[in-house]
Amino acid sequence: MKTIIAEKPSVAREIARIVGATKRKEGYFEGGDYAVTWAFGHLVQLAMPDGYGIRGFVRDNLPVIPGTFTLIPRQEKTEKGYKPDSGVVSQIKIIARLFKESEQIIVATDAGREGELIFRYLYHYIGCTTPFVRLWISSLTDKAIREGLRNLEAGSKYDSLYLAAKARSESDWLVGINGTQALSIAAGHGTYSVGRVQTPTLAMVCARYWENRRFTVEPFWQLHIATDDGNGEVVKFSSSEKWKEKEPATELYNKVKEAGTATVTKAERKEKIEDTPLLYDLTTLQKEANAKHGFTAEQTLEIAQKLYEKKLITYPRTGSRYIPEDVFVEIPKLLAFIGNLPEWKDKVNPKAVPTRRSVDGGKVTDHHALLVTGEKPLFLSKEDNTVYQMIAGRMIEAFSEKCVKDTATVTAECAGVEFVAKGSIIKQAGWRAVYVEEEKEKEETIIPGWQEGDTLALKAASITEGKTKPKPLHTEATLLSAMETAGKEIEDDALRQALKDCGIGTPATRAAIIETLFKRGYMERCKKSLVPTEKGLALYSVVKTMRIADVAMTGEWEKELARIERGELPADTFRKEIEAYTKEIASELLSCDKLFARRDSGCKCPQCGTGSMQFYGKVVRCDNAECGLPVFRLKANRTLTDDEIKDLLTDGHTKLLKGFKSKQGKSFDAVVAFDGDYNTTFVFPERKSKATSTRRRK
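Cut-offs and rules
- Residues numbered from 1 in each chain as written.
- Predicted model: local features only at pLDDT ≥ 70, side-chain atom pairs only at ≥ 80, totals over all residues.
- Heavy atoms only, no water.
- Helix = DSSP H or I, 4+ residues; strand = E, 2+ residues; numbered from the N terminus.
- Buried < 20%, exposed > 50% of the residue type's maximum accessible area, 1.4 Å probe, protein only.
- Contact = heavy atoms within 4.5 Å.
- Areas by Shrake-Rupley, 256 points an atom, 1.4 Å probe, with all protein chains shown as cover.
- Axes fitted to C-alpha atoms, helices over the stretch in contact; angles between N-to-C directions.
- Parallel < 35°, antiparallel > 145°, perpendicular 65-115°, else oblique.
- Nonpolar A, V, L, I, M, F, W, Y, C, P; charged D, E, K, R; others polar.
- Pairing = 2+ DSSP bridges.
- Core = buried A, V, L, I, M, F, W, Y, C linked by side-chain atoms within 4.5 Å.
- Disulfide = S-S within 2.5 Å.
- Expected span 1.5 Å × (residues − 1).
- Left-handed = near helix turned anticlockwise from the far one by under 90°.

Glancing now at the overall build of the chain. Tallying secondary structure elements over the chain gives 20 helices and 28 strands in all. The C-alpha extent of the chain, read off along each of the three principal axes, is 95 × 80 × 60 Å. Counting the 698 residues in the chain, one finds 50% classified as buried. Within the chain, contacts between residues at least 6 apart in sequence are counted, and of these 71% link residues at least 24 apart. Summing over all exposed atoms, the chain offers an accessible surface of approximately 33,700 Å²; the carbon and sulfur share of this is 49%.

Packing of helix α5 (residues 159-187) against helix α17 (residues 551-565) brings their axes to within 7 Å, and their N-to-C directions diverge by 150°. One way to sum up the angle between α5 and α17 is to call them roughly antiparallel. Contacts between α5 and α17 pair S160, L161, L163, A164, A167 and R168 from the former with L561, I564 and E565 from the latter. Among the residues forming the contact of α5 with α17, the class breakdown is 6 nonpolar, 1 polar and 2 charged.

In this section: the pairing of strand β12 (residues 219-228). Counting buried positions along β12 yields 8 of 10 residues, so the element is predominantly enclosed. One ladder, built from 9 bridges, connects β12 with strand β17 (residues 455-467); its direction is antiparallel. Bridge pairing in β17 links T227 to L458. Pairing of β12 with strand β13 (residues 234-239) involves 5 bridges; the strand directions are antiparallel. Residue pairing in the sheet places D228 in a bridge with V234 of β13. Hairpin connection between β12 and β13: a loop of 5 residues separates the two successive antiparallel strands, and G230 in this loop has a positive phi of roughly 100°.

We now examine unusual backbone geometry. Excluding glycine, most residues fall at negative phi; most peptide bonds, likewise, are trans. For the bond running from L62 to P63, omega is -5°, close enough to zero to count as cis. Structurally, P63 can be placed in the loop between β5 (44-46) and β6 (71-73). The phi torsion at F379 lies on the positive side, around 60°, for a residue other than glycine. Position of F379 relative to the elements: it lies in the loop between α11 (331-339) and α12 (382-398).

Core analysis: the biggest nonpolar cluster contains 94 residues, and L183, V543, I548 and L589 have the highest contact counts within it. A total of 13 residues in this core trace back to one element, the largest contributor, which is α5.

Turning our eyes to something else, we now look at the state of the cysteines. Such a bond, covalent and formed between the sulfur atoms of two cysteines, is termed a disulfide. According to the stated counting rule, one finds 0 disulfides in the structure shown. Left unpaired, C627 is separated from the closest cysteine sulfur, that of C605, by 3.7 Å.

Our next topic: the sheet that holds strand β28 (residues 680-683). Sheet strands pair via backbone hydrogen bonds, and the direction of the pair is either parallel or antiparallel. A sheet is described by the order of its strands in space; here 3 strands give the open sequence β26-β27-β28, paired in antiparallel fashion. The two strands at the open ends of the sheet, each matched to only one other strand, are β26 (657-661) and β28. Between one strand axis and the next, the sheet turns through 60° on average, direction left out of account. Sheet topology note: the β26/strand β27 (residues 667-674) ladder contains 3 bridges and is antiparallel. Bridged to K661 within β27 is S667. Most of the contacts of helix α19 (residues 642-651) go to β27, to which it runs at about 45°, and overall it touches β26, β27 and β28.

Okay, helix α9 (residues 297-309) next. Taking 1.5 Å of rise per residue, 13 residues should cover 18 Å, and α9 covers 18 Å from first to last C-alpha, within 8% of that figure. Every buried residue belonging to α9 is among A297, T300, L301, I303, A304, Q305, L307 and Y308, and all of these are buried. Contacts from the buried residues of α9 go to α8 (282-293), α12, α13 (476-484) and α15 (510-519). Looking at the residues trailing α9, positive phi occurs at K311, about 70°.

Look at α9 against α15: their axes get within 8 Å of each other, and the N-to-C directions meet at 140°. By the angle between their axes, α9 is oblique relative to α15. Considering the relative orientation of α9 and α15, their crossing is left-handed. Within the contact between the two elements, α9 uses A297, E298 and L301 and α15 uses A511, I514 and E515. Along the lines of polarity and charge, the residues of the contact of α9 with α15 split into 4 nonpolar, no polar and 2 charged.

Read around the closed barrel, the 6 strands follow the order β12-β13-β16-β15-β14-β17; overall the barrel is antiparallel. Direction aside, neighbouring strands of the sheet carry axes that sit 35° apart on average. Across the sheet, helix α7 (residues 246-259) lies against β12, β14 (261-274), β15 (403-414), β16 (417-428) and β17, angled at about 160° from β17, the strand it touches most.

Below is the structure:
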């Protein structure tokens, strides 16, 4: 008998049907000399410190660096602490029996780093010695599964992938456990969670927040002129220079008005070619789904996984935007399929030869770029269909012709001021025709064939006032971009792809990292923007200059993990580097106790009534360990003074305070008060009094 193990029951069901294992048993399918069983994601995990006899957060125990990591069944949280998940334990027993009774194991977990780790951790925990082979497929269509089963690969071929996954898992444990314990010990109260990837990610969100909030808005003035193109159409020019002072701009504006004509000093015309976009990898799909449709990174991943399990798209957790030659052979057939979908009627030219920008086998990692499979998308929800059609539409774009434009830039001088007008005409729409309805650039600006020395009669002149703008707060789309390139701002598709080994996190994990920051209360969503909370800003203020928050260094770790995966770096070398780093950050974070130095506020805790509220750097906290009520000083870009905090603790509210700033940058006055759960909230007395007077009139 052979046992096939899949990552999920739904995938196991599809494979079981194809191999003829149709008899349902407890925890597996049986038939055709096969048993097909499944995991529920990670059934086995690394033991927590108490698994090594280390309990609680104790300074002298740090750093915790196990000589050998212990594997245990996945735990669940109960009122009495953590204990093994009973359902997981039962499934492990079933899998262990099947493995023992089998002559061969076929590994059919997801074909990627985490899928490999799910199986290997389980295999080692069970103590299994049965030989195993690998089913490595990029889609769950019947054809792909059958081909994969005919071409099973040696399990040892993926040893480097497992070693990279194991190194990632253990390094996250070492940094997360030691960093969190060290910082929490330094703080004296509460738990401050830090991590190898989550903390640099939070640092990028907080750094952008402070850059945005501390930006000084400055006014500027710009001049504009308009002339006739000879056919009754108006062509507008804007001054090359912008003035920070109104007076010189106004003086020049008056001269321009009086001049009445402008002289062309330069006229440039050239052809501009816009390459087709590359196919989607997961991160690019998540970025565009967030920017265009407001989907979160996690939501997009969940939808893509669902579409994959329905056999509609290829493997979603891919980091590549290219396909190899053998897949390119299938593209004409897939494009013809897409062209028959009602959403893409008349968008696919059946006679056109697909272009090859996204074809490069050397740039394909574990899996190629996202493609539809050719299975009909039936009965999809609105959200699922949106993501499916995004992938289909991107395929049409990627294999269409380049977009070709004729561009013109004309420079003219008037009263000593240089003005510029730009325009373009689309000669060949190419890939831009796919979403022509959504193309903001579809309105062409035609610039007449003016030559150097031509005199233009002015129809109008104007002066406008503008204001400088800060970089906007991060959205999930821009944060994913920053994670992908370790904070480097790069627009070019190909350059971004070349830097992907230096990014932080992986396409498969970035959504989970972002969600972790939400769950731990470090940031929140405000419409599409990501805004750090008071807790997040407090943590950032402590760690921002430390290695734990260094985005570039974390990017280097990811690069080394990729080298382990390719067999270019021994995993032991990486482990030693991480252990040395762990010792450094544990020591560095433990030394933060001065930043958390406390003073007694003289106020009882309003929540428990027994503890005393202690002043720390950024927070005031109850010293009763069972309570630990935190009150953060920073509220809407304003730090509460000691006296204001005391008013809040004793009266439940402050006086009316000035100088707060909203997330949109507007100043406001408010009272800070506790709600029923002792969270702080703003109260606006003026609005309240108006509402009260309205009720009284009724």
